[in-house]
Amino acid sequence: MTQSALLPTATLFVTGGAGFIGSALVRYLIGETQYRVVNIDKLNYAGNLASLSSIDQDSRYSFEQVDISDGRELARLFRQYQPAGVLNLAAETHVDRSIDGPAPFIETNIVGTFKLLEAARAHWQTLTGQAKDAFRFVHISTDEVFGSLGKDGFFTETTPYDPRSPYSASKASSDMLVRAWQHTFGLPTLVTNCSNNYGPYQFPEKLIPTVILKASQGEAIPVYGTGDNVRDWLYVDDHVRGLVAVLERGQVGQTYNIGGHNERSNLDVVHTICDILSDLRPEGGDYRKLINFVTDRPGHDKRYAIDPAKIQGELDWNPQETFDTGIRKTVAWYLDNQAWLDAILSGDYRLERLGTSLGTSV
Ligand code: NAD
């Protein structure tokens, strides 16, 4: 295991820090470490500063509303804050949206990552000695870059890339750029590919919050196809601890897969949520009755599953939540945080269906 020479009070850039995983990372870094954090986020529909209300008064936290595709603004931020590391989570992230309109995925995920790499490289080249050696650029990506698995097998760090959706193709492109900047320019980069995250503060367009919200409101729960697509679920706080392990102990130039060993079919996930709701809100009756099978997403990958042996063995990281413990906490959080949800649901997004390319909603 290589220990990074990052100082405990170093300044870190977290891009996309107002999003689901980014905000969990920022809350962890401010709450559990001594790092200073600059959250760089353009605040698209998924960016929500309310997710940071528990830490946003901390003197170690700053927010900059900047688009990572804006090279000039990035140069200003690097000059102003002199960060010791970057964790890049800013992205367009929803597969369905990438089917309806791929352009922002190319602009943010590919061009934005390029601009961030260039700004980081320009800054890194001004550093000397210990500061230059310690600098890290951690790029957060997805297991969707590996394509779809059959019934057996797992994605490892050496699985060839085979992205299928505009979203995963844009993430695969950004991963390649990040690796190239390490090989060509020596920028100390690392890449992580993780499985589906779930937990508090997730924008309610993704499967788990959608199901919780629809069910708790007594509305039909949309399940794509027959619900037999399998995903490997990772509790967001476990992911965050994995990212910090990679930042502090990962080897430059390496890729780390982060997964929770929690494979579930979508239908299993929906059933589990319905059963937890029956426990927590018995007045709603049998929530499974609300399940409504809808036309599948075009090109829907069948199965993703990650083999996290490398990060477990080399960086001593292990998930602390099982799916059963994590999903129970998550359902309870959504039921207890109606104000956070109301703020989102009163905006443009109202739990509509996206990504059929036909503009249908359910
Ligand atoms: P999210 O959509 O909740 O948040 C993304 C954040 O990035 C938002 O706050 C948004 O405002 C910001 N952003 C978007 N474009 C930007 C730009 N051009 N400049 C600055 N900020 C911008 O996403 P998430 O689920 O938190 O995902 C974070 C990262 O993790 C992404 O890179 C995603 O590809 C990756 N990932 C997510 C999952 C998952 O299950 N959620 C799984 C694997 C990988």
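Residues numbered from 1 in each chain as written. Predicted model: local features only at pLDDT ≥ 70, side-chain atom pairs only at ≥ 80, totals over all residues. Heavy atoms only, no water.

Looking at the site of the ligand
And then number 1: Around the ligand there are 29 residues in total, and Ile21, Asp41, Thr93, Tyr167 and Lys171 lie nearest to it.
And then number 2: Here Leu89 contributes a backbone N or O atom positioned 3.4 Å from an oxygen atom of the ligand.
And then number 3: Within the side chain of Thr108, an N or O atom sits 2.9 Å from a nitrogen atom of the ligand.
And then number 4: Listing elements by their share of the shell around the ligand, those giving two or more residues are helix 1 (20–32), strand 5 (136–142), helix 6 (166–185) and strand 7 (196–198).
And then number 5: Across the shell around the ligand, the residue classes tally to 13 nonpolar, 12 polar and 4 charged. (Near = heavy atom within 4 Å. Polar contact = N/O pair within 3.5 Å; in protein donor to acceptor, adjacent residues only side chain to side chain. Helix = DSSP H or I, 4+ residues; strand = E, 2+ residues; numbered from the N terminus. Nonpolar A, V, L, I, M, F, W, Y, C, P; charged D, E, K, R; others polar.)

Some thoughts on unusual backbone geometry
And then number 1: Positive phi, close to 60 degrees, is recorded for Leu43, a residue that is not glycine.
And then number 2: Mapping Leu43 onto the fold places it in the loop between strand 2 (36–40) and strand 3 (61–64).
And then number 3: Overall, Leu43 belongs to the partly exposed group, its relative accessible area being 27%.
And then number 4: A positive phi angle, close to 55 degrees, is found at His261, a residue other than glycine. (Buried < 20%, exposed > 50% of the residue type's maximum accessible area, 1.4 Å probe, protein only.)

Topic: the environment of Ser141
And then number 1: With respect to the secondary-structure elements, Ser141 resides in strand 5.
And then number 2: Residues Ser141 and Pro166, 25 residues apart in the sequence, show an inter-C-alpha distance of 14 Å.
And then number 3: Reaching out from Ser141, the side chain makes a polar contact with the side chain of Asp175 at a distance of 2.9 Å.

A short note on the packing of aromatic side chains
And then number 1: What the rule picks out here adds up to 17 aromatic pairs.
And then number 2: Between Phe155 and Tyr304 the ring centres are 6.3 Å apart and the planes differ by 40 degrees, which places this aromatic pair in the tilted class. With Phe155 in the loop between strand 5 and helix 6 and Tyr304 in the loop between strand 12 (291–294) and helix 10 (309–315), this residue pair connects regions lying 149 residues apart in the sequence.
And then number 3: Residues Tyr198 and Phe323 carry aromatic rings whose centres are separated by 5.3 Å and whose planes lie at 55 degrees to one another, so their mutual orientation is tilted. Residue Tyr198 is located in strand 7, and its partner Phe323 is located in helix 11 (residues 323–336); the two are separated by 125 residues in the primary sequence. Residues Tyr198 and Phe323 agree in their burial class; the two are buried.
And then number 4: Grouping aromatic residues by their ring pairs yields a cluster made of Phe146, Phe155, Tyr161 and Tyr304.
And then number 5: The lysine or arginine in question, Lys310, covers the ring of Tyr256, its NZ or CZ lying 4.8 Å from the ring centre. (Phe/Tyr/Trp six-rings, centres within 6.5 Å; stacked < 30°, edge-to-face > 60°. Lys NZ or Arg CZ within 6 Å of the ring centre and 35° of its normal.)

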